[in-house]
Amino acid sequence: MEIRQIQEVLEAQMIVGEDSLDKDVHSACGSDMMSDVLAYVKDQAVLLTGLVNAQVIRTAQMMDMICVVFVRSKQPTADMVELAQEAGITLMSTKKRMYEACGLLYASGLGNGAGA
Amino acid sequence: MSEEALRFHFDVDGDDFTSAGQASVQVKKLLRELGVSTDVIRRVSIAMYEGEINMVIHAGGGKADVIVDETAVTIVLTDEGPGIPNIAQAMQEGYSTAPDNVRSLGFGAGMGLPNMKRYTDHMEIESQLGQGTVITMRVDL
Ligand SMILES: Nc1ncnc2c1ncn2[C@@H]1O[C@H](COP(=O)(O)OP(=O)(O)OP(=O)(O)O)[C@@H](O)[C@H]1O
Ligand SMILES: [Mg+2]
């Protein structure tokens, strides 16, 4: 799935990384605990989260993720946008809640990368 | 014949949660420039990032030294924090003394130390109560 489709499925607002919309991603994960993302995630390219602080971007960067979606209309701070820009990470924000956002993406064919 | 090891030093500010992880980001860039494999880079990045966050959350900051030689990347994290009273307990998944405010920042699941061990080929913790902690991790190339 292209990042563009994620934006469409979630009716998300683009924040930064418009130029990466045609990048291909194969799996995603959702969590508000960066500890868990660092411990359990493997090769997921997209992070859905309701957490807003700079460590969300650094965690994504350390895990080589390329897109972060903020749920429940959360908006990243200017610092976070700058960090994401430097790291080449696309940011977007959706009104949908975590459960629905994950469900919609999963139903559209974006799995969690397990047993694929 | 053998090339000299490359050494990098970073100070990790303990007063600023926002800047935690900056050293790990820089190391990631440096390793990429050195042409290290993506797998090794990711393992080093995650292990060092967890360690850096720990120094900020639990020890009021510290220092990070990264040594790259022909065979491995070695990360040495040194702090002058409270020390770890029971290392075996701290190494258990889920054990955390992090306060609620840390948890609301997305950390404090007690996964960092076991994660650091899992992602590296060797890890050693030396800790003195009231004096500090030194964690040495090695990822083989
Ligand atoms: N540098 C340190 N100085 C003092 N205590 C530490 C240090 N690093 C870890 N600890 C202690 O070990 C415990 C376990 O650390 P670990 O990194 O596994 O979990 P955590 O930091 O509490 O949560 P998480 O890493 O999942 O965000 C900590 O809660 C803390 O009590
Ligand atoms: Mg930790």
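Bear in mind that the values here come from a model prediction, so they are computed numbers and not experimental data.

Caption draft 1: Representation of the interface of chain A and chain B within the structure. Listed as interface residues are 21 residues of chain A and, on the opposing side, 27 residues of chain B. The junction of chain A with chain B conceals about 1900 Å² of combined surface from both sides, 53% of it contributed by carbon and sulfur atoms. Among the residues chain A hides against chain B, the three largest losses belong to Leu 38, Gln 55 and Met 62 of chain A. Together they make up 32% of the total. Run the count over chain A and chain B and you get 3 salt bridges. The salt bridge partner of Asp 64 of chain A is Arg 42 of chain B, with a shortest N-O separation of 2.9 Å. At the surface where chain A touches chain B, the tally comes to 19 residue pairs in polar contact (both at pLDDT 80 or more). At the level of secondary structure, the elements contributing two or more residues to the side of chain A that touches chain B comprise helix H2 (34-40) and helix H3 (54-62) of chain A. A breakdown of the residues in the side of chain A that touches chain B according to their chemical character gives 10 nonpolar, 5 polar and 6 charged.

Caption draft 2: Up close: the site of ligand 1. Looking at ligand 1, there are 22 residues lining it, with Ser 35 of chain A together with Ser 96, Thr 97, Gly 108 and Met 111 of chain B nearest. With respect to ligand 1, the chains having nearby residues are chains A and B. Note that an oxygen atom of ligand 1 is positioned 2.5 Å from one of the side-chain N or O atoms of Ser 96 of chain B. Between ligand 1 and the protein, one listed contact pairs an oxygen atom with a backbone N or O atom of Ala 109 of chain B at 3.0 Å. According to the grid-proximity analysis, the pocket containing ligand 1 is the largest pocket. Among the elements of the structure, helix H2 (38-59) and helix H5 (112-119) of chain B are those that each provide at least two residues to the shell around ligand 1. A total of 4 residues in the shell around ligand 1 trace back to one element, the largest contributor, which is H2 of chain B. Looking at the shell around ligand 1 residue by residue, the classes come out as 10 nonpolar, 10 polar and 2 charged.

Caption draft 3: Expanded view of the pattern of salt bridges. Taken as a whole and judged by the stated rule, the model has 9 salt bridges over all chains. For Arg 4 of chain A, the salt bridge is made with Glu 2 of chain A, and the minimal N-O distance between the two is 3.5 Å. Residue classification places Arg 4 of chain A among the partly exposed positions, given a relative accessible area of 35%. Measuring nitrogen to oxygen at the nearest pair gives 3.0 Å for the salt bridge that ties Arg 42 of chain B to Asp 43 of chain A. Taken as a pair, Arg 42 of chain B in helix H2 and Asp 43 of chain A in the loop between H2 and strand S3 (46-49) lie in two separate chains rather than in one. In the salt-bridge network here, residues are joined through shared partners; they are Asp 43 and Asp 64 of chain A together with Lys 28 and Arg 42 of chain B.

How each quantity is defined
Residues numbered from 1 in each chain as written. Chains lettered and ligands numbered in written order. Predicted model: local features only at pLDDT ≥ 70, side-chain atom pairs only at ≥ 80, totals over all residues. Heavy atoms only, no water. Contact = heavy atoms within 4.5 Å. Buried area = accessible area lost by both parts, 1.4 Å probe. Salt bridge = Lys/Arg side-chain N within 4 Å of Asp/Glu carboxyl O. Polar contact = N/O pair within 3.5 Å; in protein donor to acceptor, adjacent residues only side chain to side chain. Helix = DSSP H or I, 4+ residues; strand = E, 2+ residues; numbered from the N terminus. Nonpolar A, V, L, I, M, F, W, Y, C, P; charged D, E, K, R; others polar. Near = heavy atom within 4 Å. 1 Å grid on protein atoms, 1.4 Å probe; cavity = no way out; pocket = protein on both sides within 12 Å on 5 of 7 lines; lining within 4 Å. Sits in = over half its atoms within 2 Å of the grid points. Buried < 20%, exposed > 50% of the residue type's maximum accessible area, 1.4 Å probe, protein only.

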